[in-house]
Amino acid sequence: MEKQHAYEVIYESLLEDIRSGKLAAGTMLPSENEIAAHYGVSRITSRRALTMLADQGYISRRPGVGSEVLPISQPVRTIGLAMANFGPMFGMDFVKGVLQTAGEMGYLVICQIGYFLTSQEEKGVNELVNAGVQGIIMIPLYEAMHCSDAFIDMTKKVPMVFGDREIIGLNVPLVCTDNATATEELCRRLYELGHRNIAFVSSSTNSTAVGQRYKGYRLYCEKMGLRSFSYTDVRSMLPGMSRQSVRSRDVVELVRFLRENHSVTAVVAHTYQVGKMVCEAIHQLGYEVPRDYSVVCFDAPQRVEEEEWFSHIQQDEFNLGVRAVQCLVQRIEGKTVPQFNYVEGKFVDGKSCARAPEWL
């Protein structure tokens, strides 16, 4: 083995003390003469060691002042966040939870937000991978449409965690509300008010959240021996379909659904916006909420207008974001993460449900 030069020995000794924290940032190193005397070398040798440390950014050398230890710069650790959009109805608190927890755990978050096509989503996730993120938290647009080999390859290149909904067939952990249990809770509340003909209204059940809510509804009906009534073709809630013409079509179809199922007195809507459309259809039929129909949903804002105070399940979005980051960091560190990670929601009593009407 080649013998080290004296300046290399001095350099490595000082570097070890800097990296270990023994020589903290802001500490002034001994002078060239003091170092030379300590190691029994010439001043030229000690100067060469200090020059190497300065060239690599470990110290700052100022004539007439001396050599000061600089803070050791840490490489920036990044994670990606990919989601179509967010707002006060869903997503805003989730993003807050992700950003706060990532910061506390030493990660910078790079976001890809604002798309409505799976091709755009795939492109955004690919850009995160190419940017060198250590992992990605993603709320998929619509899992039934994520079947490309390129997307599957991306899930193998970098650790991922899905939030709110999953992509069936991919071994990626999911963080979400226990939607099935939460929907059973909504049905139970309606049942306790005397409702026996409860309907479920949603967009397509292909989505994880919607599918699990529908599952909870069916399970409750089976358990209680109730007849099930469901309409799962609300289209204006799908990505890129939020046009007024599509919403108007949905309300017309909901009027038809309620008219054909005239024994229904209560509706579980899978989102607040769907609940609003159900209320509009009820009003067009000449009835009122909650006098004639009770309507409950997920994630409703509480507003000043009394008629908009929905009884609902409020998802704990902030802690969903917190848990998503925690699960992702565990995956980045090579730890095992459960496939399903549930965060409990809570029932918020509002003004949209009442005892079953007398005409039953």
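Refer to the structure printed above.
What counts, and at which threshold
- All chains use their own residue numbering, which begins from 1 and follows the written sequence.
- A pLDDT threshold of at least 70 governs which residues receive local features in this predicted model, and a stricter bar of 80 or more applies before side-chain atom pairs are shown or counted, although totals over entire chains, interfaces and linings include all residues.
- Side-chain metrics rest on all non-hydrogen atoms present in the structure, leaving aside hydrogens and water.
- Helical segments are the DSSP runs of H or I of at least four residues, strand segments are the runs of E of at least two, and each set is numbered from the N terminus.
- All radius of gyration figures rest on C-alpha atoms, and the globule criterion is 2.2 Å times the number of residues raised to 0.38.
- Exposure classes here rest on a 1.4 Å probe applied to the protein chains alone. A residue is buried below 20% of its type maximum, exposed above 50%, and partly exposed in between.
- Note on definitions: a residue-residue contact is assigned when non-hydrogen atoms from the two residues lie within 4.5 Å.
- Counted as positive: Lys and Arg. Counted as negative: Asp and Glu. His and the chain ends are not counted at all.
- To locate a charge, take atom NZ for lysine, CZ for arginine, CG for aspartate or CD for glutamate.
- Patch membership needs two things, relative accessible area over 30% and no salt bridge, and members are linked within 9 Å if like-charged or within 5 Å if nonpolar (Val, Leu, Ile, Met, Phe, Trp, Tyr).
- Note that accessible areas follow from Shrake-Rupley with a 1.4 Å probe, and for residues the cover is restricted to the protein chains shown.
- Salt bridge, as used here: a side-chain nitrogen of Lys or Arg that lies within 4 Å of a carboxyl oxygen of Asp or Glu.
- Any pair of N or O atoms that falls within 3.5 Å is considered a polar contact. Within protein, one atom must be able to donate a hydrogen and the other to accept it, and sequence-neighbouring residues count only if both atoms are side-chain atoms.
- Joining through side-chain atoms within 4.5 Å is the link that ties buried Ala, Val, Leu, Ile, Met, Phe, Trp, Tyr and Cys residues into a set, and such a set is a nonpolar core.
- Take the number of residues in a helix, subtract one, and multiply by 1.5 Å to get its expected span.
- Only the six-membered ring of Trp is used, alongside the rings of Phe and Tyr, when aromatic pairs are assigned; centres must lie within 6.5 Å, and planes under 30 degrees apart are stacked while those over 60 apart are edge-to-face, with the rest tilted.
- Two strands qualify as a pair provided DSSP detects at least 2 bridges between them.

Chemist: Before we go on, may I ask you to explain the overall build of the chain in this structure?
Modeler: Scanning the chain from terminus to terminus reveals 11 helices and 14 strands. Taken over the C-alpha trace, the chain has a radius of gyration of 30 Å; the compact-globule value for 360 residues is 21 Å, which it surpasses by more than 25%. Taking all 360 residues of the chain together, the buried fraction comes to 46%. Considering only contacts in the chain between residues 6 or more positions apart, those separated by 24 or more positions represent 71%. Side chains of the chain give 37 positive and 42 negative charges; the mean places of these two sets differ by 1 Å.

Chemist: When you look at a nonpolar patch on the surface in this model, what are you seeing that I'm missing?
Modeler: Among the surface-exposed residues, Phe86, Met92 and Ile113 lie close enough to one another that they form a single nonpolar patch of about 220 Å² accessible area. Among the secondary structure elements, Met92 is positioned in helix 4 (residues 92-104). Using a relative accessible area of 33% as the deciding quantity, one classes Met92 as partly exposed.

Chemist: For this particular structure, what's the right way to read the pattern of salt bridges?
Modeler: Close approach of charged atoms allows side chains of opposite charge to pair. Applying the stated criterion across every chain, the model contains 20 salt bridges. Between Arg188 and Glu185 there is a salt bridge, with the nearest N and O atoms lying 2.9 Å from each other. With a gap of three residues between them, Arg188 and Glu185 both fall in helix 7 (residues 179-192), about one helical turn apart. Residue class for Arg188 comes out partly exposed when judged on its relative accessible area of 30%. Of the charged contacts, one joins Arg256 and Glu253 as a salt bridge, the two residues approaching to 3.0 Å between their closest N and O atoms. You can see Arg256 and its partner Glu253 sitting in helix 9 (residues 244-260), three residues apart, about one turn around the helix. When its relative accessible area of 31% is taken as the criterion, Arg256 is described as partly exposed. For Glu253, a relative accessible area of 21% corresponds to the partly exposed category. Each of Glu32, Arg43, Arg47 and Arg61 takes part in one network of salt bridges that share partners.

Chemist: Looking at this structure, I do not really get unusual backbone geometry. What am I missing?
Modeler: Only a minority of non-glycine residues have a phi that is not negative, and only a minority of peptide bonds are not trans. Going from Val289 to Pro290, the amide bond is cis rather than trans, its omega being 5°. Considering the arrangement of structural elements, one finds Pro290 in the loop between helix 10 (272-284) and strand 11 (294-298). Residues other than glycine seldom take positive phi values, yet Asp164 does so here, at roughly 75°. When you line up the elements, Asp164 lands in the loop between strand 6 (160-163) and strand 7 (174-176). Relative accessible area serves as the criterion here: at 8%, Asp164 is assigned to the buried category.

Chemist: What is the right way to look at the side chain of Ser46 in this model?
Modeler: Topologically, Ser46 is positioned in helix 3 (residues 43-55). Of note is the side chain of Ser46, whose polar atom sits 2.9 Å from the backbone oxygen of Glu32. Excluding residues within four positions of it along the chain, Ser46 makes contact with Ile10, Glu32, Ile35, Ala36 and Val41.

Chemist: What is the right way to look at the nonpolar core in this model?
Modeler: Counting residues in hydrophobic clusters, the biggest one holds 43 residues, and the most contacted among them are Val201, Tyr217, Val268 and Val278. Per-element accounting of this core gives the leading share, seven residues, to helix 10. Residue contacts for Val201: discarding those within four places in its chain leaves Tyr231, Val234, Leu254, Phe257, Val267, Val268, Ala269, His270, Val274 and Val278.

Chemist: Could you clarify how one ought to interpret helix 9 in this entry?
Modeler: For the α-helix, the turn length of 3.6 residues means that residues three or four positions removed from each other point alike. In this model helix 9 runs 24 Å from its N-terminal to its C-terminal C-alpha over 17 residues, within 8% of the 24 Å that 1.5 Å per residue would give. Looking only at helix 9, the buried set comprises Val246, Asp250, Val251, Leu254, Val255, Phe257 and Leu258. On its buried face, helix 9 is in contact with strand 8 (198-201), strand 9 (229-231), strand 10 (266-269) and helix 10.

Chemist: Looking at this structure, how should I read the packing of aromatic side chains?
Modeler: One pair of aromatic rings is described through two measures. These are the centre distance and the angle between the planes. Here the structure, examined in full by the defined rule, presents eight aromatic pairs. Measuring from ring centre to ring centre gives 6.4 Å for Tyr214 and Tyr217, while their planes differ by 25°; the resulting arrangement is stacked. Highlighted residues: Tyr214 and Tyr217, both in helix 8 (residues 208-224), separated by three residues, approximately one helical turn. By relative accessible area, which is 0% here, Tyr217 ends up buried. When the centroid spacing of 5.8 Å and the interplanar angle of 45° are considered together, the rings of Tyr231 and Phe257 count as tilted. Linking Tyr231 in strand 9 with Phe257 in helix 9, this pair joins segments that are 26 residues apart in sequence. Overall, Phe257 belongs to the buried group, its relative accessible area being 6%. Through successive ring pairs, a cluster of aromatic residues spans Phe200, Tyr214 and Tyr217.

Chemist: Looking at this structure, how should I read the environment of Glu344?
Modeler: Structurally, Glu344 is set in the loop between strand 13 (340-342) and strand 14 (346-348). It is 9.5 Å that separates the C-alpha atoms of Glu344 and Thr181, two residues lying 163 residues apart in sequence.

Chemist: Quick question: what am I supposed to make of the pairing of strand 3 (residues 77-83) here?
Modeler: Look at any regular strand and the pattern is simple: side chains alternate between the two faces of the sheet. Counting buried residues in strand 3 gives six out of seven residues, a clear majority hidden from the surface. Inspection of the sheet shows strand 3 paired to strand 4 (residues 107-113) by seven bridges, in the parallel sense. Across the sheet, residue Ala82 finds its bridge partner in strand 4, namely Gln112. Taken together, the four bridges between strand 3 and strand 5 (residues 136-139) define a ladder with parallel strand orientation. When the bridges of strand 5 are listed, Ala82 appears paired with Met138.

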